[in-house]
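Examining the three-dimensional arrangement
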There are 2 protein chains.
Amino acid sequence: MTDERPGSLRPGGRTARVREAVLRAGGDLLAERGFAHLDLTEVAARAGVGKTTVYRRWRTPAGLVADILTEMAETSLPHADTGTLLGDLLANATLVAETLTHPRQGPLFKSLIAAATCDEEAARALHHFYDTRLTEWTPCVERAKSRAEIPPETNPRTLLKAVSAPLYYNLLTTGDPITPQSATTAAHSAHQAALLGLYT
Amino acid sequence: MTDERPGSLRPGGRTARVREAVLRAGGDLLAERGFAHLDLTEVAARAGVGKTTVYRRWRTPAGLVADILTEMAETSLPHADTGTLLGDLLANATLVAETLTHPRQGPLFKSLIAAATCDEEAARALHHFYDTRLTEWTPCVERAKSRAEIPPETNPRTLLKAVSAPLYYNLLTTGDPITPQSATTAAHSAHQAALLGLYT
């Protein structure tokens, strides 16, 4: 649940380098000030890229948000494989909690979600990003089925969403802190509901 | 979870009528177009109120969002009292699902949450609104404790948040539809986790 790619100096020449600089600067500004204050001229200056290039390629702040989300979706992250469903769900909850409390990633996710509330292109890119992440973690649920830990009719998407949901709820509505304890509680309650067959 | 007040012609004269018209027009525009496009001049025109009055009293789009949330928090809504914790949680989940799928209220909530991602005053008002709603439903959890349905150490806030969270997660991240089935699943899984003492 992060767009950080260690050592990610992309091959591909100038176009790829420009994209990387612009997405990085755009993400930084989104994290610092939020979507309502995102200005492409400022992004261009921060990225050290010509303003015309940025406007021609990304057109609007929402267009830039959509491309940030597309790049995040392209950046594959390995899912956990601890040997038990509960272990995997705890790993997932911990990853989500770490992302949402990260000084850059937490505010960035808030801003990406805010952009999607008022722009269709950003919304499509956001949905695609979450689809990708949920699909990446589906093997954890399928392995739990093959180990007969949970009913074979369990819906992986419903289960995985139940792990993340309480953490995002704190981030976006109540403002309650996201703690290791809240991550543990989210994983355990989703796990129990899955055992009971509530996600079939 | 709605700011609709049937028959809500407030007493209090011109100032109260102006506030009501401006909050209504602001809410309508937020629902139609989102926070990033909220313009106080347009709100004034839609409300039939002088532009100067609107700018003097609400100053910024975020200031107007904060006042909309303050008024929503002031509007008390009765909680359910069905006689069982599961019944009350199902009523709560149904209310949240109906609000988030309402043609005006769903987009309005998205926009209020988006505003809170980039403005401190709006964020404080949003947190206060959710505090108020969670406090209003706390008696359902306390009654369940007095009926010995759940452990006395159960945290009402954690339990009630677990009911809403999966519905908001669909609204704000995946875009998956919020159905009566998703409301039922959210209530049942929070209920089971509470029975097991996971929210203590």
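Because the structure is predicted, anything quoted here is derived from the model rather than measured.

**Some remarks on empty space enclosed by the protein**
Applying the stated criterion to the full structure yields four cavities of 30 Å³ or more. Space inside the largest cavity adds up to approximately 100 Å³. Together, 13 residues line the largest cavity, and A:Ala162, A:Ser189, B:Ala162, B:Ser189 and B:Tyr199 are the ones closest to its centre. Counting only elements with at least two residues in the lining of the largest cavity, the list comes to helix H8 (156-174) and helix H9 (180-195) of chain A together with helix H8 (156-174) and helix H9 (180-195) of chain B.

**Thoughts on the interface of chain B and chain A**
Each partner contributes to the interface: chain B provides 36 residues, whereas chain A provides 36 residues. Carbon and sulfur atoms supply 67% of the area buried between chain B and chain A, which totals about 3,000 Å² over both sides. Of all residues in chain B, B:Thr117, B:Tyr169 and B:Thr173 give up the largest surface area on contact with chain A, accounting jointly for 20% of the area buried on that side. Linking chain B with chain A are four salt bridges. Taking the shortest distance from any N to any O, the salt bridge between B:Asp176 and A:Arg157 comes out at 2.8 Å. Linking chain B to chain A there are six residue pairs in polar contact (both at pLDDT 80 or more).

**Observations concerning the state of the cysteines**
The full count for this structure, using the stated rule, is zero disulfides over all chains. As a non-bridged cysteine, A:Cys118 has B:Cys118 as the owner of its nearest cysteine sulfur, 9.4 Å distant.

**Digging into the packing of aromatic side chains**
Following the criterion strictly, the structure yields ten aromatic pairs over all chains and no others. Seen in terms of ring centroids, A:Phe129 and A:Tyr130 are 5.1 Å apart; in terms of plane orientation they differ by 80°. Their pairing is edge-to-face. With a relative accessible area of 0%, A:Phe129 lands in the buried category. Grouping aromatic residues by their ring pairs yields a cluster made of A:Phe109, A:Phe129, A:Tyr130, A:Tyr168 and B:Tyr169.

**Details of the pattern of salt bridges**
Inspection of every chain in the model, using the stated rule, returns 32 salt bridges over all chains. With a shortest N-O distance of 3.2 Å, A:Arg143 and A:Asp81 are connected by a salt bridge. Here the residue A:Arg143 occupies a position in helix H7 (residues 120-146), and A:Asp81 occupies one in the loop between helix H4 (61-74) and helix H5 (85-101), the gap between them amounting to 62 residues. A residue is classified by how much of its surface remains accessible, and A:Asp81, at 53% relative accessible area, is exposed. Of the charged contacts, one joins B:Arg46 and B:Glu32 as a salt bridge, the two residues approaching to 2.9 Å between their closest N and O atoms. Taken together, the residues B:Arg46 in helix H2 (residues 40-47) and B:Glu32 in helix H1 (residues 13-33) connect sequence positions 14 residues apart. Assessed through its relative accessible area of 48%, B:Glu32 is described here as partly exposed. Taken together, the shared-partner salt bridges in this structure form one network comprising A:Asp131, A:Arg157, A:Lys161 and B:Asp176.

**Regarding the relation of the copies chain B and chain A**
After a rotation of 180° and a shift along the axis of 0.0 Å, chain B superposes on chain A with an RMSD of 0.0 Å. Put plainly, the chains are arranged around a two-fold axis. When C-alpha positions in chain B are compared against the rotation axis, the closest is assigned to B:Ala114, at 2.2 Å. Most of the interface of chain B is mirrored in chain A, where 100% of its interface residues are also at the interface.

**A closer look at the domain arrangement of chain A**
When the parts of a complex come together, some accessible area is lost, and that lost area is often used as the size of the interface. Residues and elements named next belong to chain A. With domains assigned, chain A is organised as domain 1 (13-68) and domain 2 (76-195). Listed per partner, the contact involves 14 residues of domain 1 and eleven residues of domain 2. Here domain 1 meets domain 2 over a buried area of about 1,000 Å², counting both sides, of which 67% is carbon and sulfur. On the domain 1 side of the interface with domain 2, the three residues burying the most area are Ala-31, Phe-35 and Ala-66, jointly 41% of the side's total. Between domain 1 and domain 2 we count two salt bridges in total. Asp-28 is the partner of Arg-104 in a salt bridge, and the nearest nitrogen-oxygen pair spans 2.6 Å. Across the domain 1-domain 2 interface, the total number found is four residue pairs in polar contact (both at pLDDT 80 or more). Mapped onto the side of domain 1 that touches domain 2, the elements with two or more residues apiece are helix H1 (13-33) and H4. With six residues, the single largest contributor to the side of domain 1 that touches domain 2 is H1. For the side of domain 1 that touches domain 2, the residue count by class is eight nonpolar, three polar and three charged.

**Focus on the packing of H5(A) against H7(A)**
Residues and elements named next belong to chain A. One can describe the packing of H5 onto H7 by two numbers: an axis separation of 9 Å at closest approach and a directional angle of 160°. Compared by their axis directions, H5 and H7 come out roughly antiparallel. Where H5 crosses over H7, the handedness of that crossing is left-handed. Here Leu-85, Asp-88, Ala-91, Asn-92 and Leu-95 of H5 lie close against H7, whose contacting residues are Trp-137, Cys-140, Arg-143 and Ala-144. Among the residues forming the contact of H5 with H7, the class breakdown is six nonpolar, one polar and two charged.

**Overview of unusual backbone geometry**
For residues other than glycine, phi is negative in most cases, and the peptide bonds are mostly trans. Residues and elements named next belong to chain A. A positive phi angle, close to 65°, is found at Arg-59, a residue other than glycine. You will see that Ala-148, though not glycine, has its phi angle at about 60°, which is positive. Position of Ala-148 among the secondary structure elements: in the loop between H7 and H8.

**Considering the environment of A:Cys118**
Residue and element names in this part refer to chain A. Note that Cys-118 resides in the loop between helix H6 (105-117) and H7. Exposure remark for Cys-118: the relative accessible area of 15% places this residue in the buried category. Along the chain, Cys-118 and Ala-62 lie 56 residues apart, while their C-alpha atoms are 8.8 Å from each other.

Conventions we followed
Residues numbered from 1 in each chain as written. Chains lettered and ligands numbered in written order. Predicted model: local features only at pLDDT ≥ 70, side-chain atom pairs only at ≥ 80, totals over all residues. Heavy atoms only, no water. 1 Å grid on protein atoms, 1.4 Å probe; cavity = no way out; pocket = protein on both sides within 12 Å on 5 of 7 lines; lining within 4 Å. Points joined across faces, edges and corners; volume = space filled by probe spheres on them. Helix = DSSP H or I, 4+ residues; strand = E, 2+ residues; numbered from the N terminus. Contact = heavy atoms within 4.5 Å. Buried area = accessible area lost by both parts, 1.4 Å probe. Salt bridge = Lys/Arg side-chain N within 4 Å of Asp/Glu carboxyl O. Polar contact = N/O pair within 3.5 Å; in protein donor to acceptor, adjacent residues only side chain to side chain. Disulfide = S-S within 2.5 Å. Phe/Tyr/Trp six-rings, centres within 6.5 Å; stacked < 30°, edge-to-face > 60°. Buried < 20%, exposed > 50% of the residue type's maximum accessible area, 1.4 Å probe, protein only. Least-squares fit on C-alpha atoms with pLDDT ≥ 70 in both. Domains from an automatic or database assignment. Nonpolar A, V, L, I, M, F, W, Y, C, P; charged D, E, K, R; others polar. Axes fitted to C-alpha atoms, helices over the stretch in contact; angles between N-to-C directions. Parallel < 35°, antiparallel > 145°, perpendicular 65-115°, else oblique. Left-handed = near helix turned anticlockwise from the far one by under 90°.

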